[in-house]
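Inside the fold
These are the residues of each chain, in order.
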2 protein chains.
Amino acid sequence: MAYRPAEQIIHKAAWLYYTHGLRQDEVAQRLNISRASVALYLRKAREAGIVNISTSTHLFSGERLARQMEDAFGLETVWLVGEDALSPSPASEIPTLAANVFLEMVENGNQVCVAWGRTVYDIADAMSYADREGVTVVEMCGNLGSPYAYRPDQCTMEIARRLNAKGLNFYAPLVLSTEELARALREEPVIREQLDGISACDMALFTVGALDADSHVIKCGALSLEELERLKTMGATGVIAGQIITADGTLLDCDYNRRMISADFDAIRAIPRRLMVVQEDEKFEPLQAAIAGRFFTHLVTTSSMATKLLKHHTASEPTPA
Amino acid sequence: MAYRPAEQIIHKAAWLYYTHGLRQDEVAQRLNISRASVALYLRKAREAGIVNISTSTHLFSGERLARQMEDAFGLETVWLVGEDALSPSPASEIPTLAANVFLEMVENGNQVCVAWGRTVYDIADAMSYADREGVTVVEMCGNLGSPYAYRPDQCTMEIARRLNAKGLNFYAPLVLSTEELARALREEPVIREQLDGISACDMALFTVGALDADSHVIKCGALSLEELERLKTMGATGVIAGQIITADGTLLDCDYNRRMISADFDAIRAIPRRLMVVQEDEKFEPLQAAIAGRFFTHLVTTSSMATKLLKHHTASEPTPA
DNA sequence: CATGGTGATTGACAAAAGTCAATTCGTCGC
DNA sequence: GCGACGAATTGACTTTTGTCAATCACCATG
């Protein structure tokens, strides 16, 4: 890692430029280097997280719709991305926002727990570098081959890298072939420890997965299409940390779930701040299920999703308690 | 407050520019305004704390000398400013650094407690704007006329303003003319409440004051020169939150201290993170006293001060425990 | 309905920052 | 000791950003 041009001079340049507000040529003069070098160092400082530039995410949580969501579902904060073409590439807006919200939520010394999924990968990609101290990033559940850019473990590590944090991977697959093996593995000290550590986390980052032909669990072969259909008739509605949940947000009682190595739902709910991020509008039912299961306290999603959720909510519960 | 050009467009411009990395002309195009406006909005966004640019203070805490200080005095983190002309104006380096460290230490939702003194004023001045949530800034002790730019209460309010926080002032003078009055006032509910609230703070920011002809307490007439001389013969060494301490860091048993409305030392020590900032090299003995009294856990000062403190420390205690 | 004033907005210019090919520096192998 | 290689640095050029006086839009007032 360590840059040849003694990390320290980069730091000094960044301090003079950003904190004292000198111009690049003044910094150059003071440090006896060329202005071009200053420009280079400053870029490195930004990339290394020595300098942190963050924009308040209030813009997205300040709307009335967001407030209504918070009230309706008892959430702490909700951030909504409108369809109003603010972003240069609409698809990237949710991950970008989520990355910013995440960084805003993580404090020094925190232990954070991340699940994986396409959305989480995108968030990791959009996340800028920060120079945190004493942060640990732990994986929330076992691993799986990924059809996307990162593998789950790489994803954890990538987030850890951006935060200058320690990354802790799960040394187990997500799904095993037999219940017995899963049970035995869960009792392995190294796995047990990680599972137990989850409830001690300060915050969590995760998505709810959908259950259709091209959802993650299917694509990487953890579940066959036939099995999926069978589970759906049993009430399968969404996926939380690999585990299948029903419409009321409880664990579906099935063989598949029993063969899984993942965070216990009570452990997840013991984490004080839990950020859920949903970008696809098709995840309406899964998200509803996740709300029913009180899986999260903070939410990043689209305005249209929020509108849909509220409409359905007030319809089913016309008089608020 | 609220700017005419709907705060929101400033936010959007900042988001597109800083988070998405568009150029100003691209932002202008997307928002249908001139580039000049974008430049203007961006400045406002920075000034309003919508955008936060911070530089890691690691540069100042990374040296060996800082480590030695931490070890020698059991401090959590020590930041040192060298005499090596890094800063454009050496005198401003301590307050600037302290302001940055302070911002780094304050977390959303925190209650912070600030004392006052010239150094604290300078820190308030050097502090950049930030958009924190749920932060409360409370005054640590009663008020006094100030010979400097801000009055103590303004100073609290100024820091609160920069953090977008709520400021809570002490509605009492620092020193009263009689013990009885001080005692009575301390029992007033509104004062009692504030005094009790201090130990519930998450962090504190303060200085140690020196006791000489041009120190704060003298300049604003709280103490006469003769009285000061008398107290010095009794062991007066420094000032913490208005109160006079002896070389071993305990409250000097004197009339002056008894006439004071200020935070109880145990209440101060109950605050988990306490940042002490000392810029003047003449404050050697007062700082030593403050160390003896375990008043702080984090320290910002000069390298030369650190050297002096360490020399004296190892001299008096050659074998570490 | 003109009028003055306030504050936002912009066009045009100046200043500052970004970039990159060319150069220098340091180091290693021979 | 010498050449050769890669990394760091820089000078010179281009692009981007900051600034400010001039203009425009809006509103309250006579």
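Notes on the structure in this doc start here. Please read all numbers here as calculations on a predicted model, not as lab measurements.

So, the relation of the copies chain A and chain B
When chain A is fitted to chain B, the best match, at an RMSD of 0.0 Å, comes from turning it 180 degrees and sliding it 0.0 Å along the axis. Between the two chains, the operation in question is that of a two-fold axis. The rotation axis passes nearest to the C-alpha of A:Ile53 in chain A, at a distance of 2.2 Å. Here 100% of the interface residues in chain A have copies in chain B that are interface residues too; the copies meet face to matching face.

Some remarks on empty space enclosed by the protein
Residues and elements named next belong to chain A. Evaluation of the coordinates by the stated rule reveals one cavity of 30 Å³ or more. Considering only enclosed or pocket space, the largest cavity measures out at about 40 Å³ in volume. Phe73, Leu75, Ala290, Ile291, Arg294, Phe295 and Phe296 are the residues that line the largest cavity. Counted by class, the lining of the largest cavity contains six nonpolar, no polar and one charged residues.

Observations concerning the packing of aromatic side chains
A full pass over the atoms with the stated rule returns six aromatic pairs over all chains. Both rings, one in A:Phe265 and one in A:Phe295, keep their centres 4.7 Å apart while their planes meet at 80 degrees; by these two values the pair is edge-to-face. In this pair, A:Phe265 is assigned in helix H14 (residues 265-269) and A:Phe295 in the loop between helix H15 (284-292) and strand S11 (298-302), connecting sequence segments 30 residues apart. The pair formed by A:Phe265 and A:Phe295 is uniform in burial state, with each residue classed as buried. For the ring pair B:Tyr17 and B:Tyr18, a centre distance of 4.9 Å and an interplane angle of 90 degrees mean the geometry is edge-to-face. Its end group placed over the ring of A:Phe295, A:Arg269 keeps NZ or CZ at 5.1 Å from the ring centre.

Focus on the packing of helix H7 (residues 118-126) of chain B against helix H8 (residues 152-163) of chain B
All names here are of chain B. Remark: H7 packs on H8, axes separated minimally by 9 Å, with the N-to-C direction vectors making an angle of 30 degrees. Comparing their axes, H8 and H7 come out roughly parallel. The element H7 and its partner H8 pack so that their crossing is left-handed. For the pair H7 and H8, contact is made by Val120, Tyr121, Ala124 and Asp125 and by Pro152, Cys155, Glu158, Ile159 and Arg162, respectively. Partitioned by chemical class, the residues of the contact of H7 with H8 number six nonpolar, no polar and three charged.

Calculation notes
Residues numbered from 1 in each chain as written. Chains lettered and ligands numbered in written order. Predicted model: local features only at pLDDT ≥ 70, side-chain atom pairs only at ≥ 80, totals over all residues. Heavy atoms only, no water. Least-squares fit on C-alpha atoms with pLDDT ≥ 70 in both. Contact = heavy atoms within 4.5 Å. 1 Å grid on protein atoms, 1.4 Å probe; cavity = no way out; pocket = protein on both sides within 12 Å on 5 of 7 lines; lining within 4 Å. Points joined across faces, edges and corners; volume = space filled by probe spheres on them. Nonpolar A, V, L, I, M, F, W, Y, C, P; charged D, E, K, R; others polar. Phe/Tyr/Trp six-rings, centres within 6.5 Å; stacked < 30°, edge-to-face > 60°. Helix = DSSP H or I, 4+ residues; strand = E, 2+ residues; numbered from the N terminus. Buried < 20%, exposed > 50% of the residue type's maximum accessible area, 1.4 Å probe, protein only. Lys NZ or Arg CZ within 6 Å of the ring centre and 35° of its normal. Axes fitted to C-alpha atoms, helices over the stretch in contact; angles between N-to-C directions. Parallel < 35°, antiparallel > 145°, perpendicular 65-115°, else oblique. Left-handed = near helix turned anticlockwise from the far one by under 90°.

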